[in-house]
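As a plain string of letters, each chain reads:
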Amino acid sequence: MATFISVPLKKSSEVELVKPLSKFVTATYPAGEEQAEYLRSVEELNKLRKSALGRPLDKHESSLEILLRYYDQLCSVEPKFPFSENQLCLTFTWKDAFDKGSLFSGSVKLALASIGYEKTCVLFNAAALASQIASEQNLDNDEGLKTAAKFYQLASGAFGHIRDTVLSALNREPTMDISPETVGTLSNIMLAQAQEVFFLKAASDKMKDAVIAKLANQAADYYGDAFKQCQYKDNLPKEVLPVLAAKHCIMQANAELHQSILAKQKKRFGEEIARLQHAAELVKTVATSHDEYVSVKDLTEKINRALTAAKKDNDFIYHDRVPEVKDLEHIGKAALVKPTAITPPLSQKFADLFEKMVPMAVQQSMSIYGQRKAETVNRLVGTMREATNLCNGVLASLNLPAALEDLSGDSIPQSIAEKARAVVQLGGLQSIEQLIRDLPELLTRNREILDEALKMLNDEETTDNELRSKFNQRWNRTPSGDLYKPLRAEGSNFSNILDKAVQADQVVRDRYNAHCDMITLLCKPENELNAAIPSANPTKTLQGSEVVNVLRSQLAQLDEMKRERETLEEEIKAVTFDMSTVFLTSLAQDGAISEEQMSLSKLDQLYGAYNQRVQATLRTQEELLGQVQTSHQEFSSLKQSNTEANQREEVLKKLASAHDSYVEISNNLREGTKFYNDLTEILLKFQNKCSDIVFARKTERDELLKDLQQSIAREPSAPSFNVPAYQSAPAAPAGGPTPAPRTVFTGQPQQAQQQPPQMKPNPPARPPPPSFNPQAASPNPATTPTGPPNSNPQPLAPPSQAQGPPYPSYQGYYQMPMGYNPYAYGQYNMPYMPYQQTPGQGGYPAAPPGGQPYPGYPQQPPQQQPYYPQQ
């Protein structure tokens, strides 16, 4: 019966997926159907992980399908969530598949905040389960052979994929079971077993011996490569190496056997005998060295029968010369297997739970594109607003249009009256002062959130540094200072933003203080406003003059231009375009996104025409203001000026400027309030991010401290010493021959699987209790001591059943001889009672001379097994 190697599964600890993933979804996507769908998908992902890793899996294709489906989902999820130590931190803990651990320390395990680590371990389990399923197949029928070959090739491909990707996926030293050397060896072992299955299929189909020999020789070559890879390394269980050596010899022997048949067909009888002799030597090596792992009884008999017949025919008939093995022609090779390529999806029933969610690369590109778009819009809108403010400032300095409306000199100009009503409608002084009072509170709230987030990072980093200085090299996790660099840079950026916001707030306050008096005047009733404006009797009427009509026409054109700008601003803000399709196409075709090039090209296409229209309004404004200034000079020369007129004009200019300043300050304060509120949401997300990573780091710290404590507990507290030979237990008797196993599990010692459990060594018997018989008393009881005897009697031969509880003994402690009892009789100050004789039994003899045994007692064997069973 063939022996195949299968791999044990890794074990994983439970991981909280729902809470962190749901938090990311709710923070990234707005409330609605899309968010609800993603939250349901998170729940399904958590259930899928529990199904794949949270329970024992049967050696069946349905169990493998669950593992592959979870692996495919991880591959799909990885680019769509920002999995990292300093963003979305999920710590996955896996135990070494081959390390069984000890009583105190447990198995070797590794915890990493890496989705690549989770993918690697899940793929390892898929490969291991595939090897177990293949090893369980019935190789006596074609269906079983095909299934076994299929899953061995899948396992080989999965192990090979891990070999090529594990270092880049983990960015640190992995555990021994998933190291490139180990999984590379496992990949070759699985490939060799797949090739052996093809050899068995060819042999069962009675194909040509030349083909069968090539298949067997190729399998022997694969086994030989695997043997060489793990010959000098201790990365696989010790049972694997002899199995590989045996399979290499067996496959080579099969190749020689079938090649000998081919030689016989070609009447090369000497070559036939040489190959059979070589095959016999190979199977003899297996039988003498590796019989406990692989049985070659049937193959040996088959080769010996063929060799006996071939020698007999050659001796009596052919007399062909038997060549040396080294002179034989090399047997060809035929490789019919190859590792299965690992290209997700591997599952036949895979359905992406997050199909509608775009990858993080696209999300990041969309975010940067959104920033570029906002910058473009702000630049165009800001250019127009600055030009409009410049225009209003020029007109206010010229006292236009109030100068044209104030020809009477004793009433409020219409434009000033409209501006006063506008200020009152906007809330006047109360509104603007309330906004100014709110700013410090908003600023303080944002400062506190930022400071609290940074304080969490500082406290955790301080603890990490203290533990690092305490444990030195054993504290082998990423330093918090290195891990928090991106977060600290982000926090420093927020701090700079707040500093600039404080400066901007001060500029707004200074401007408000400069125009506060005139704004107060605009808020007064119309009669009080009229009284506050100096009156001036016109000396000359300009009503209906040509220069006034020209100025009014030019001012009307400027008003029309301002209305066009307002319309243009709305159009610019309304432009939308979904770049996700463009980015997804680029990612699918090129594997990367050239965000800058694509975004700038699309923005130029979207806003190029608007930019031209904005520039046209700037040129129009420049021309009109030039014409207004020229006309105003002519208007001023026709208008007679005096002190009262100058005072009135100056007040009207200040009122017009105060209105414009009020509107701008009010807008600035509202924008500042919105800025602080929006920044609060961003800072809360930043604080949550810091809180999550600090919590993850604390969990990781606790796990590492636990492992370090166990490691320290395992270390010897004193140098080792040799136990005297007479205190050591004799070796257990060798068991009988071990039958060849069907499957070798590399994670379990093969001998432990096959040998029956050994009986515990029997303890020595205790002396029988004394019986009180006056006739058998000692002739001189008065001289008998009342304490324990001075010398210990030899214990009796061990009975068939152990006496007393089988307490375990631990190395490093000497065992107490059972014949010695320091608490006998004297413990309770009881008088020594002489032994009494029962009918048919002689009395106990007195103590023998020093150094002599009790007469009549059976003597202790030279190497008596201790009472306590050894571990």
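Residues numbered from 1 in each chain as written. Predicted model: local features only at pLDDT ≥ 70, side-chain atom pairs only at ≥ 80, totals over all residues. Heavy atoms only, no water.

At a closest axis distance of 10 Å, the pairing of helix α11 (residues 360-397) and helix α19 (residues 580-590) adopts a crossing angle of 135 degrees. In this view, α11 runs oblique relative to α19, as classed from their interaxial angle. As for how α11 packs across α19, the hand of that crossing is right-handed. Here Val362, Ser365, Met366 and Tyr369 of α11 lie close against α19, whose contacting residues are Ser580, Phe583, Leu584 and Leu587. Of the residues in the contact of α11 with α19, the class split is six nonpolar, two polar and no charged. (Axes fitted to C-alpha atoms, helices over the stretch in contact; angles between N-to-C directions. Helix = DSSP H or I, 4+ residues; strand = E, 2+ residues; numbered from the N terminus. Parallel < 35°, antiparallel > 145°, perpendicular 65-115°, else oblique. Left-handed = near helix turned anticlockwise from the far one by under 90°. Contact = heavy atoms within 4.5 Å. Nonpolar A, V, L, I, M, F, W, Y, C, P; charged D, E, K, R; others polar.)

We now examine the nonpolar core. Core analysis: the largest hydrophobic core is formed by 116 residues, its most contacted members being Phe81 and Phe124. For this core, the element with the highest residue contribution is helix α4 (residues 115-135), accounting for 13 residues. Among all residues touching phenylalanine 124, those that are not within four sequence positions of it are Val7, Pro8, Lys10, Ala97, Phe98, Phe159, Ile162, Asp177, Ile178, Val183 and Leu186. (Core = buried A, V, L, I, M, F, W, Y, C linked by side-chain atoms within 4.5 Å. Buried < 20%, exposed > 50% of the residue type's maximum accessible area, 1.4 Å probe, protein only.)

Inspection of the entire model under this criterion finds 37 salt bridges. Among the ionic pairs, aspartate 692 bridges to lysine 23, the shortest N-O distance being 3.0 Å. In this pair, aspartate 692 is assigned in helix α21 (residues 643-714) and lysine 23 in helix α1 (residues 18-28), connecting sequence segments 669 residues apart. Residue classification places aspartate 692 among the partly exposed residues on the basis of a relative accessible area of 28%. (Salt bridge = Lys/Arg side-chain N within 4 Å of Asp/Glu carboxyl O.)

What follows is about a nonpolar patch on the surface. On the surface, Phe316, Ile317 and Tyr318 cluster together into a nonpolar patch covering about 360 Å² of accessible area. Along the chain, the position of tyrosine 318 falls in helix α10 (residues 297-318). Taking the relative accessible area as the measure of exposure, tyrosine 318 reaches 38% and is therefore partly exposed. (Patch = residues over 30% accessible without salt bridge, like charges linked within 9 Å, V, L, I, M, F, W, Y side chains within 5 Å. Areas by Shrake-Rupley, 256 points an atom, 1.4 Å probe, with all protein chains shown as cover.)

Moving on to unusual backbone geometry. Across the junction of proline 344 and proline 345, the peptide omega takes the value 0 degrees, indicating a cis bond. Along the polypeptide, proline 345 turns up in the loop between α10 and α11. Phi at asparagine 472 is positive, roughly 55 degrees, even though this residue is not glycine. Tracing the backbone through its elements, the reader meets asparagine 472 in the loop between α14 (428-471) and α15 (480-483).

Let us now look at the confidence of the model for the protein chain. Averaged over the protein chain, the pLDDT score is 79; the fraction of residues at 70 or greater is 78%. Below pLDDT 50 for its whole length, residues 731-742 participates in 24 contacts with residues either more than four positions away or in separate chains. Every residue in residues 771-844 is under pLDDT 50, and counting partners more than four places away or in other chains gives 86 contacts. (pLDDT = per-residue confidence, 0-100.)

Moving on, we get to helix α18 (residues 546-574). Here α18 contains 29 residues, and its C-alpha end-to-end distance of 43 Å stays within 8% of the 42 Å for a straight helix at 1.5 Å per residue. Among the residues making up α18, those that are buried are Val547, Val548, Leu551, Gln554, Leu555, Leu558, Met561, Lys562, Arg565, Leu568, Glu569 and Ile572. (Expected span 1.5 Å × (residues − 1).)

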